[in-house]
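Each chain is listed here by its residues.
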Amino acid sequence: MTDTNDGVTAGGEGGMPWVTGTAEAPGYPAAYAERYRAAGYWRGETFGRMLRERATAHPDRVAIVDPGPAADGSTTRRWTYGELDGRADRMAAGLLALGIGKGDRVVVQLPNVAEFFEVVFALFRVGALPVFALPAHRDSEIRHFCAFTEAAAYVIPDVAGGYDHRELATRVRADVPTLRHVLVAGDPGPHTALADVPAEPGRPFDGPEPHDLAFLQLSGGSTGVPKLIPRTHDDYIYSLRGSNEICRVDEHSVYLCALPAAHNFPLSSPGTLGALHAGARVVLAPRPSPDVAFPLIEREGVTITGLVPPLALVWTEAAANTPHDLSSLDVLLVGGAKFSEEAARRVRPALGCTLQQVFGMAEGLVNYTRLDDPEEIIVGTQGRPISPDDEIRVVDDEDRDLPVGETGHLLTRGPYTIRGYWRAPEHNATSFTPDGFYRTGDVVRLTEDGYLVVEGRAKDQINRGGEKVAAEEIENHILAHPSVHDAAVVSMPDPYLGERTCAYVVLRDGAEPVRSGALKKFIRGRGLADYKVPDRVEFTDAFPQTGVGKVSKKDLRAAIAAELAAKTR
Ligand code: AMP
Ligand code: DBH
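In this text the structure is predicted, and so the values were computed from the model without any measurement. (Residues numbered from 1 in each chain as written. Chains lettered and ligands numbered in written order. Predicted model: local features only at pLDDT ≥ 70, side-chain atom pairs only at ≥ 80, totals over all residues. Heavy atoms only, no water.)

Time to look at the site of ligand 2. What surrounds ligand 2 is the set His 263, Asn 264, Phe 265, Ser 269, Gly 336, Val 358, Gly 360, Met 361, Ala 362, Val 366 and Lys 468. Contact distances for ligand 2 include 2.7 Å between an oxygen atom and a side-chain N or O atom of Ser 269. A distance of 3.4 Å separates an oxygen atom of ligand 2 from a polar backbone atom of Ala 362. In the complex, 95% of the free accessible area of ligand 2, which totals 290 Å², lies under the protein chains. Within the residue set of the shell around ligand 2, elements represented by two or more residues are α8 (264-268) and β16 (354-361). Ranked by residues supplied to the shell around ligand 2, first place goes to β16 with three residues. (Near = heavy atom within 4 Å. Polar contact = N/O pair within 3.5 Å; in protein donor to acceptor, adjacent residues only side chain to side chain. Areas by Shrake-Rupley, 256 points an atom, 1.4 Å probe, with all protein chains shown as cover. Helix = DSSP H or I, 4+ residues; strand = E, 2+ residues; numbered from the N terminus.)

Structure (C-alpha cells):
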C-alpha cells in the first residue's frame, strides 16, 4: 500500500489519487470520498450557497442577535437572514476589490459580534480562508498565524476586553510583508474600517467548490507552535447537519453563543453555524457569565447553548437564586474538557434542562450523549460519534487494538476528520497512522454500548478548563529567559478549572537569580495569550528522569499534586 499522508502527489489507498487534497493539505483518498458522497454525508454544499438558500427561503427570519454593550437591550442589533446574506455579498465584493480572493488566508480575530458572521460568510463566498484566532491571542500567536499562512489580511475589533487590537495589528504588520490589509470592526485608527470596505459589486468570480477548503481552524496542539486544521465545506457542513439532528436543532431553535465564536465547539457543535444551517436564530453573548447570559436567555428565549465545565459549574450555582426565567432552555452542552460525573448530575435539577456531554476536537470527530439517553450515560460518558462511518480504535502503545472496555489511545478516521494538518508534512507523519487515522492524544475507554469515556491524555498538553495549552510552546518561551537552563510545563489539579499549569524551572549555574513573579512577567511580556502564562513556577535543581533519560513529566505532575494535597490537608 502506498498510502502516505504527505500531500496531493502521494497515492491514496489502493493507489487511488487524493481527490480532495492540495499541495498544502492532504485530502481524503478517492475511495473514501466516494463512500462519503454515496452515503449522503457530503452533499456538495458550500457555506456561501447555504446562506443564500436560507435567505431566499425565509429572508425576514432573524439570523443574528448582537446585544451590543448595553445590558438593557437598547444597543441590540438584529440581522435577518436576508440582511446577513446581503451584507456577506457586499463584503465579498469589497474583499475582491481589495484583492482578497480564492485561496487567500485571512486571520479573523473578532469577539462575539455580528460582524464575525458578515466577514466569515464573505470569505466563504469568495473562497478565501478564515484563520480562526481567539480573542485572547496576542503578538506571539497572531504573528505566527499571519506569517505562517502568509495572510493577506487580519480582521480585528478596535478594543476588546480593554485591549487595543489596532496596536497589535500595527506591530504584526511591520513584521509580516504579505499582510496588506488590517480591517477593523469599529474605529479603525490607522487601519481600514470594515464599514469602509468598498461595497460596489465587482467583477464576477468563481466561488469555492464543496471539496475545497473552507477555513483553517486552530489545534490546541502539543507542539512548539499551534497547528492549523484544514476543513472543507462538504465535511464541515456534514458535521453540522449531523450535530443538528442529534441536538434537535431546527428552525425554532435559539442558540446562545457564550464561548468565543471562533472556537470549534461554539462554531459547530452544533454551534452558530449549525444554527444557521437549520435556519435558527443565533444570540451572541459578549461574555459567558450568568449576569450577561441569564438575561439574554430570558429576553431572547434561548433554547440551547454550550459551555466548558468550569462555566457549567458557575451557571449551575448561579441558577439557584437568579431572578431570570431560564425555562426556555432545553439543552446545555458541556465539553472541551472532562465534566465530572458529580457536576454533571447537578445540571438538570439546577437549570431544568437536559445535559448533553460533547467530546470533540477541531480536527474532526465529535461525540455526543443523546438527548434521550438514560441518566447514567448522560452523566457518566462523553458520548458517541456523530456518524456511523466514524471509525474508532482504542489501541495500546504499539497501535494494537484493545478489547472493548480497556483503556488506551484513541485513534479515529471518518467523513469529517482531517487526514493531515495544513503545511505540516513532518508532523503529519507522526500525528496520523499510515492508513489515515488521527492520533487524538486522548486516552479513552469504550463502553459496551459504544460510548466513550475520557480517562486521560497522552499528548503533552494541559487542558485548563477547555483552554488548551501546549507544554512545548510555553517551555520555549521560558527558555528564552537568560537565567533559565531548562523548563518543563505540566498540569496540576485544580478544583475549578480541572487543571492548571505548573512550570518547573532549572536555573543556569551562577545565573542571576529570578523569582516566580518576575519569570511570569517575562513570559507575559513575550506577548502570548494570558491563559498560557504558567499559573505556578517551581524552581528545582534537576528534573526527575525516565528510564531512557527523558524528563519524567509523570513524576513532576505527581510531585506538584502531592505538594498541593499536603497544603489543603
Ligand atoms: P482541539 O484538538 O484543540 O480541538 O482540542 C480537542 C481536545 O479537547 C480533545 O482531543 C480532548 O483532549 C479535549 N476535549 C474536548 N472535549 C472533551 C470532553 N468532553 N472531555 C474530555 N476532553 C475533552
Ligand atoms: O475542545 C474542543 O475542541 C471541542 C469540544 C467540543 C470541539 O472542537 C467540539 C466540541 O467541536
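All right, on to the sheet that holds strand β25 (residues 484-494) then. Read across the sheet, three strands follow the order β25-β26-β27 without closing on themselves; strand pairing throughout is mixed. With one partner strand each, in any of the chains shown, β25 and β27 (536-539) form the two edges of the open sheet. For this sheet the average axis-to-axis angle between neighbouring strands, irrespective of direction, equals 25°. Here β25 pairs with strand β26 (residues 498-507) via 10 bridges, running antiparallel. Residue pairing for β26: Val 484 is matched across the bridge by Leu 507. Where helix α16 (residues 516-525) meets the sheet, its contacts fall on β25, β26 and β27, and the angle it forms with β27 comes to roughly 125°. Strands in contact with helix α17 (residues 553-568) are β25, β26 and β27; relative to β25, the strand with the most contacts, it is inclined by about 55°. (Pairing = 2+ DSSP bridges. Axes fitted to C-alpha atoms, helices over the stretch in contact; angles between N-to-C directions. Contact = heavy atoms within 4.5 Å.)

Within β26, seven of the 10 residues are buried, which leaves it mostly tucked inside the rest of the structure. Linking β25 to β26, which pair antiparallel, is a turn of three residues. At this point the chain moves from β26, through α16, to the parallel β27, and the crossover so formed is right-handed. (Buried < 20%, exposed > 50% of the residue type's maximum accessible area, 1.4 Å probe, protein only. Right-handed = clockwise from strand over helix to strand, strands pointing away.)

All right, on to the nonpolar core then. Most often, soluble globular proteins keep nonpolar side chains buried together rather than apart. Of all hydrophobic cores here, the largest spans 123 residues; its most connected members are Phe 47, Ile 64, Val 108, Phe 116, Phe 121, Leu 256 and Leu 276. Ranked by the residues each element gives to this core, the list is headed by helix α4 (residues 115-126), at nine residues. Residues within four places of Phe 116 in sequence aside, it is in contact with Val 108, Leu 110, Pro 111, Phe 132, Ala 261, Ala 262 and Leu 267. One finds Ala 25, Cys 146, Leu 179 and Leu 218 within the second-largest nonpolar core, a separate group that totals 24 residues. (Core = buried A, V, L, I, M, F, W, Y, C linked by side-chain atoms within 4.5 Å.)

Further remarks concern the site of ligand 1. What surrounds ligand 1 is a group of 18 residues, the closest being Gly 220, Ala 362, Glu 363, Asp 442 and Lys 468. Note that a nitrogen atom of ligand 1 is positioned 3.4 Å from one of the backbone N or O atoms of Ala 337. At 2.8 Å from an oxygen atom of ligand 1 is found a main-chain nitrogen or oxygen belonging to Ala 362. When the free accessible area of ligand 1 is taken as 500 Å², the share hidden by the protein chains comes to 95%. No other element matches the four residues that β16 contributes to the shell around ligand 1. A class-by-class count of the residues in the shell around ligand 1 yields six nonpolar, seven polar and five charged. (Nonpolar A, V, L, I, M, F, W, Y, C, P; charged D, E, K, R; others polar.)

Before going further, it helps to spend a moment on the packing of helix α11 (residues 309-318) against helix α12 (residues 341-351). Relative to each other, α11 and α12 sit at 40°, their axes nearing to 9 Å. Put simply, α11 runs oblique to α12. α11 and α12 meet at a crossing whose hand is left-handed. On the side of α11, the interface is formed by Leu 313, Trp 315 and Thr 316, while α12 contributes Ala 343, Arg 346, Val 347, Ala 350 and Leu 351. Within the contact of α11 with α12, the residues separate by chemical class into six nonpolar, one polar and one charged. (Parallel < 35°, antiparallel > 145°, perpendicular 65-115°, else oblique. Left-handed = near helix turned anticlockwise from the far one by under 90°.)

With that settled, the discussion passes to the state of the cysteines. Under the defined criterion, the tally for this structure stands at zero disulfides. Not engaged in a disulfide, the cysteine Cys 247 finds its nearest cysteine sulfur in Cys 353; these two sulfurs lie 13 Å apart. Here Cys 247 falls in the buried class, since its relative accessible area comes to 2%. (Disulfide = S-S within 2.5 Å.)

Overall, the coordinates contain 46 salt bridges when judged by the stated rule. A salt bridge links Glu 53 to Arg 54; the nearest nitrogen and oxygen atoms lie 3.7 Å apart. By relative accessible area, Arg 54 is classed as buried at 13%. We note a salt bridge from Asp 139 to Arg 143, for which the minimum N-O separation is 3.7 Å. Remark: Arg 143 and Asp 139 occur in helix α5 (residues 139-149); sequence separation between them is four residues, near one turn of the helix. A relative accessible area of 29% means that Arg 143 is categorised as partly exposed. Several salt bridges converge on common partners, so that one network encompasses Arg 35, Asp 389, Glu 391 and Arg 413. (Salt bridge = Lys/Arg side-chain N within 4 Å of Asp/Glu carboxyl O.)

For the rest of this paragraph, the subject is empty space enclosed by the protein. Inspection of the entire model under this criterion finds two cavities of 30 Å³ or more. In this structure, the largest cavity occupies an estimated 80 Å³ of space. Around the largest cavity, the lining is made up of 14 residues, and of these Pro 26, Gly 27, Leu 213, Pro 230 and Thr 232 lie nearest the centre. Broken down by element, the lining of the largest cavity gets its largest block of residues, three residues, from strand β11 (residues 228-232). Split into classes, the residues belonging to the lining of the largest cavity amount to six nonpolar, five polar and three charged. Here the second largest cavity defines a volume of roughly 30 Å³. Ala 344, Arg 348, Leu 355, Glu 375, Ile 378 and Val 379 are the residues that line the second largest cavity. Secondary structure elements with two or more residues in the lining of the second largest cavity: α12 and α13 (375-380). Tallying contributions element by element places α13 first for the lining of the second largest cavity, with three residues. (1 Å grid on protein atoms, 1.4 Å probe; cavity = no way out; pocket = protein on both sides within 12 Å on 5 of 7 lines; lining within 4 Å. Points joined across faces, edges and corners; volume = space filled by probe spheres on them.)

Okay, helix α6 (residues 165-175) next. Listed as buried for α6 are His 165, Arg 166, Leu 168, Ala 169 and Val 172. Relative to the axis of α6, the buried residues are bounded by an arc of 150° and lie together on one face. Summarising the contacts, the buried residues of α6 are in contact with α5, β5 (153-157), β6 (159-160), β7 (163-164) and β8 (181-185). The opening residue of α6 is Asp 164, an N-cap whose side-chain oxygen sits 2.9 Å from the backbone nitrogen of Arg 166. (Arc of directions from axis to C-beta.)

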